[in-house]
Amino acid sequence: MSERIQAPRGTQDVLPEQTAARAALEARAREVLESAGYQRIETPIFEHTELFQRGVGESTDIVQKEMYTFDDAGGRSLTLRPEGTAAVCRAYVEHGMHKLAQPVKLWYLGPFFRYERAQAGRYRQFWQIGAEALGSEDPAVDAEAILLLTTLLTDVGARGITVKVSSLGRLESRAEYRAALQDHLRRHADKLSEEVRNRIDLNPLRAFDSDHPGTREVMAGAPLLRDFLDAEDAQHFSEVLALLDAAGVAYKVEPTLVRGLDYYVRTVFEIHSSELGAQSALGGGGRYDRLIAEIGGPPTPGMGWAAGIERILLAGGAPPHAAPPVDLYVAGPVGPTQFRLVADARRAGLGAQLDLAGRSMKGVFKQAARLDARYVAWMNEDGSWELKDRQGGEQITAPDADAVVRDVLRGPGL
Ligand code: AMP
């Protein structure tokens, strides 16, 4: 026998018993987002590598070590998308969406790829639901984005949720802060982890993410970006918070919240669940007012988020979902009459299945019970049909297959 081939590390099969919860989550996401005016967009699974290098940022973990990058047969460098925002911005520019009424509000859902250390809640292929609002700086856009993700997670029953918000300010605020933080890190360089020490120049903010004890100690005394915000940034942030208050969204201001992507300015947020272990973020996002210009578009502000479907499900977030009922289960052997009967039944709007395993009558009833089918039908030798109501217990004889469908449709509760 040949060696068994398994799915690649960090990938997951979504098995039939898991798809109902996903479908229900997706349906709820559509309702929440589309009722707020977000429209669905789908971008390709792979993009030019440069989009992420410029869009996500060279200094990020994603670009430095997590991308699935390959040359295609034409010699172009392509990358499986590690996140959704850069591609949505690319599409906005490519399709001239700045000519539409602003902000343009888009949402998406699909698989994303990062070469990460696989563990519970962290995969190499995972699914995200995301939403982006492009073309407005209004703090209401930020507050609404946070509100929508909070609403979705609450609606689907994700447990133990905390909303964390912060402001990173714009570049000007940040440059000053960066210098102050770098100063602090250099002064305590001997206590830092090697990784953080090596990134003092490139990405000092990521030091807040470290779980290295020495680094954490140093970070406890680090200057906070909050104290470096200029008046406009501070005002923008306080308006976001006031709107969240107005909408009754409970949140925690977390001055050390750092997102793993370079493009954020001003508002950033994450929603965590206490149900998860180390990988507790269900979703997060923020404002990215420079990104569209960075990838060659007209300067356009944007705000968005992405949430991981697997993590939402792990946090207990799956709305109740009933499998479609089986109204009619038709016994074999399957000939043209049986086959046509289920086709007609489905055309009439019924849930209908054939016995495709050559079961005995006893087996047919067992399978009908497993499916919780309402009616079981089988053909007599003379071409008439028997129809048994598994709930009422009643059995009737129908002259032909057409009559079976009519009788089922007439049935109580259908
Ligand atoms: P990020 O933009 O990296 O914060 O990702 C947004 C959300 O996507 C996270 O909060 C997670 O829920 C989910 N996510 C990100 N990376 C992974 C991964 N490797 N495996 C599973 N879910 C992920």
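Conventions and cut-offs
- Residues numbered from 1 in each chain as written.
- Predicted model: local features only at pLDDT ≥ 70, side-chain atom pairs only at ≥ 80, totals over all residues.
- Heavy atoms only, no water.
- Pairing = 2+ DSSP bridges.
- Helix = DSSP H or I, 4+ residues; strand = E, 2+ residues; numbered from the N terminus.
- Axes fitted to C-alpha atoms, helices over the stretch in contact; angles between N-to-C directions.
- Expected span 1.5 Å × (residues − 1).
- Buried < 20%, exposed > 50% of the residue type's maximum accessible area, 1.4 Å probe, protein only.
- Polar contact = N/O pair within 3.5 Å; in protein donor to acceptor, adjacent residues only side chain to side chain.
- Phe/Tyr/Trp six-rings, centres within 6.5 Å; stacked < 30°, edge-to-face > 60°.
- Lys NZ or Arg CZ within 6 Å of the ring centre and 35° of its normal.
- Contact = heavy atoms within 4.5 Å.
- Lys, Arg positive; Asp, Glu negative; His and termini not counted.
- Salt bridge = Lys/Arg side-chain N within 4 Å of Asp/Glu carboxyl O.
- Patch = residues over 30% accessible without salt bridge, like charges linked within 9 Å, V, L, I, M, F, W, Y side chains within 5 Å.
- Areas by Shrake-Rupley, 256 points an atom, 1.4 Å probe, with all protein chains shown as cover.

Enquirer: So what exactly am I meant to see when it comes to the sheet that holds strand S3 (residues 69-71) here?
Expert: Within a sheet, neighbouring strands are paired by backbone hydrogen bonds and run either parallel or antiparallel to one another. Reading across from one edge, S2-S4-S3 is the order of the three strands in this open sheet, with antiparallel pairing throughout. Looking at the sheet topology across the chains shown, the edges are occupied by strand S2 (46-48) and S3. The mean angle between the axes of side-by-side strands here comes to 35°, regardless of whether they run parallel or antiparallel. By the bridge criterion, three bridges tie S2 to strand S4 (residues 77-80) in an arrangement that is antiparallel.

Enquirer: Please explain helix H5 (residues 139-155) as it appears in this structure.
Expert: Residues that lie three or four places apart on an α-helix share one face, since the helix turns once every 3.6 residues. When the terminal C-alpha atoms of H5 are compared, their 24 Å separation across 17 residues agrees well with the 24 Å that a helix rising 1.5 Å per residue should span. Taken together, the buried positions of H5 are occupied by Pro-139, Val-141, Asp-142, Ala-143, Ala-145, Ile-146, Leu-148, Leu-149, Thr-150, Leu-152 and Leu-153. In this structure Asp-138 caps H5, since a side-chain oxygen of it lies 2.8 Å from the backbone nitrogen of Ala-140. Gly-157, located one to two residues past H5, shows a positive phi value of around 85°.

Enquirer: Can you help me understand the packing of aromatic side chains in this one?
Expert: Centre-to-centre distance and the angle between the planes together describe a pair of aromatic rings. One pass over the full model with this rule turns up five aromatic pairs. Both rings, one in Tyr-108 and one in Phe-112, keep their centres 5.9 Å apart while their planes meet at 55°; by these two values the pair is tilted. The same class applies to Tyr-108 as to Phe-112, namely buried. When the centroid spacing of 5.3 Å and the interplanar angle of 65° are considered together, the rings of Tyr-177 and Phe-228 count as edge-to-face. On the criterion of sequence distance, the pair formed by Tyr-177 in helix H6 (residues 171-187) and Phe-228 in the loop between helix H8 (213-220) and helix H9 (231-246) is long-range, its members being 51 residues apart. When its relative accessible area of 1% is taken as the criterion, Tyr-177 is described as buried. Lying across the ring of Trp-107, Arg-40 places its NZ or CZ 4.8 Å from the centre.

Enquirer: It is not clear to me how the sheet that holds strand S16 (residues 395-398) should be interpreted in this structure. Could you clarify?
Expert: The five strands are arranged S13-S12-S14-S15-S16 in an open sheet whose pairing can be described as mixed. Looking at strand neighbours, the two that pair on one side only are strand S13 (352-354) and S16, the edges of this open sheet. Direction aside, the axes of adjacent strands within the sheet are offset by 20° on average. Note that strand S15 (residues 385-389) and S16 share four bridges and pair antiparallel. Following the sheet pairing, Glu-386 is matched in S16 by Thr-397. Most of the contacts of helix H12 (residues 336-347) go to S13, to which it runs at about 165°, and overall it touches strand S12 (328-330), S13, strand S14 (375-379) and S15. With respect to the sheet, helix H13 (residues 361-370) is in contact with S12, S14 and S15, its orientation differing from that of S14 by roughly 155°.

Enquirer: Sorry, what's going on with the side chain of Glu-66 here?
Expert: One can find Glu-66 in helix H3 (residues 61-66). Lacking a salt bridge, the buried Glu-66 has Arg-114 as its closest oppositely charged neighbour, with an N-O distance of 4.8 Å. Residues contacting Glu-66, with those up to four places away along its chain left out, are Asp-61, Phe-113, Arg-114, Tyr-115 and Glu-116.

Enquirer: Quick question: what am I supposed to make of a nonpolar patch on the surface here?
Expert: A cluster of nonpolar side chains, contributed by Ile-45, Phe-46 and Phe-70, occupies part of the molecular surface with about 260 Å² of accessible area. Along the polypeptide, Ile-45 turns up in the loop between strand S1 (39-40) and S2.

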